[in-house]
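Observations on chain architecture
For reference, the chains in residue letters:
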Amino acid sequence: MRNSNNDIAFLSASETAKAISEGKATPIEVVQAYLDRIDRLDPELSAYITVTREEALGEAEVIAQKIKSGVNPGPLSGVPIAIKDQFWTKGILTTNGSRIYKDFVPETDSTVVERLRNAGAILLGKLNLSELAMGGTQNPAWGIPANPWGLDRTPGESSSGSGVALSAHLCAASVGEDTGGSGRGPAAYCGVVGMRPTFTRVSRFGMTHMCWFMDTAAPMTKTVEDCAIVLGTIAGYDPRDPYSSRKYVPDYTHGLDRGVSGLRVAVIRELYTHSDMDPDVRSSIENSLDVFRSLGAEIKEVSIPLVELAGAIFVGIADTEGAGARDEILRERPFDLDPASRTRLQSAALV
């Protein structure tokens, strides 16, 4: 493995941690492998806003020394991760994708970042996003993220960089944020694993809100196993977020090998029968359903009549909250916002 830094970067997070624990690679070698790929590929992809090169190599040295002394730093020991630039990082620029915050350097880590560090993960940097995590930014301050599968294709919004960096193997795992699809969308567009955890499952302390009663951290990974590990790492009650759940956090990796027999899969009629669906998309859905059936899952059609209005309903709820939370910016610095963000928030402020 030491003969090919490129091979190291293609490992999943769990494989990376295992390789390090078995002495097949060192944390420094792993971090350097990712930094080399970032240097080579990110100028075209614009996944990162800030690369914490020196900090990452320093953290890798600390992790290496802990391992050498017999200390287990955690389940993500030596694993290079990257975070959507919506989460506070102590002493590191946190822009929220907006020129408004171009000089904002938090004095503390968000709970998500703190818990990842405590699990042994190494922060490679902060990832690009739509301004204020809203989506639709016309002129992103730190470049337009490009989909690694086709540079002329969108990677989705608003956790764009989180999907791009992972898909291009510029980090071993990432964390985005999901209000109304901002994590799941880029994961789907970029071909990686992404999920929106149950609201309150993960603390939002140190996460700049788009809509405080809908926002949640969104693990994004190369494999389902990695997603289970990252979610288990960041989940759990936090007194700094009084809305965070006190429910027990299980080991989400247990049961991954149980299969899907008995699982109920709902197909939403209003979406599945939509006449404008691309034939290739429909074929992919049908093939997926056939696989589920063959493995013992139950497929059931359900109806959600309002689903076609979901986008409008979401904007009516989330944007109005976002406008209220940014009243001061709208009054005092509206032209520091991207035109699309400004129009969207000013419109919502009328509601």
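Our subject is the structure that appears above.
Each value, and the rule that gives it
Residues numbered from 1 in each chain as written. Predicted model: local features only at pLDDT ≥ 70, side-chain atom pairs only at ≥ 80, totals over all residues. Heavy atoms only, no water. Helix = DSSP H or I, 4+ residues; strand = E, 2+ residues; numbered from the N terminus. Buried < 20%, exposed > 50% of the residue type's maximum accessible area, 1.4 Å probe, protein only. Pairing = 2+ DSSP bridges. Contact = heavy atoms within 4.5 Å. Axes fitted to C-alpha atoms, helices over the stretch in contact; angles between N-to-C directions. Core = buried A, V, L, I, M, F, W, Y, C linked by side-chain atoms within 4.5 Å.

As a further point, take unusual backbone geometry. Residue S158 follows E157 across a cis peptide bond; omega there is 5 degrees. Phi is positive for H169, which is not a glycine, with a value near 60 degrees. Checked against the element boundaries, H169 lands in the loop between helix 6 (160-167) and strand 4 (173-178). For H169, a relative accessible area of 16% puts it in the buried group.

A few words on the sheet that holds strand 1 (residues 48-51). Read from one edge of the open sheet, 6 strands run 1-3-2-4-6-5, paired in mixed fashion. With partners counted over all chains shown, the strands left at the sheet margins are strand 1 and strand 5 (193-194), one partner each. Of the pairings in the sheet, the one linking strand 1 to strand 3 (residues 122-127) comprises 3 bridges and is antiparallel in character. When the bridges of strand 3 are listed, T50 appears paired with K126. Seen against the sheet, helix 4 (residues 53-68) touches strand 1 and strand 3 and runs at an angle of roughly 160 degrees to strand 3. Where helix 8 (residues 224-234) meets the sheet, it contacts strand 4, strand 5 and strand 6 (216-221), and its direction lies at approximately 145 degrees from that of strand 6.

Another point: the nonpolar core. Among the nonpolar cores identified, the biggest contains 56 residues, and Y48, L116 and L124 are the most heavily contacted of them. Considering each element in turn, this core owes the most residues, 7 residues, to helix 3 (residues 27-45). The contact partners of L116, leaving out residues within four places of it in the chain, are L76, I81, I83, A121, V175, V230, T233 and I234. Ranked by size, the runner-up nonpolar core spans 17 residues in total, among them I49, C211, L345 and A348.

Read these as spatial facts, not as claims about activity.
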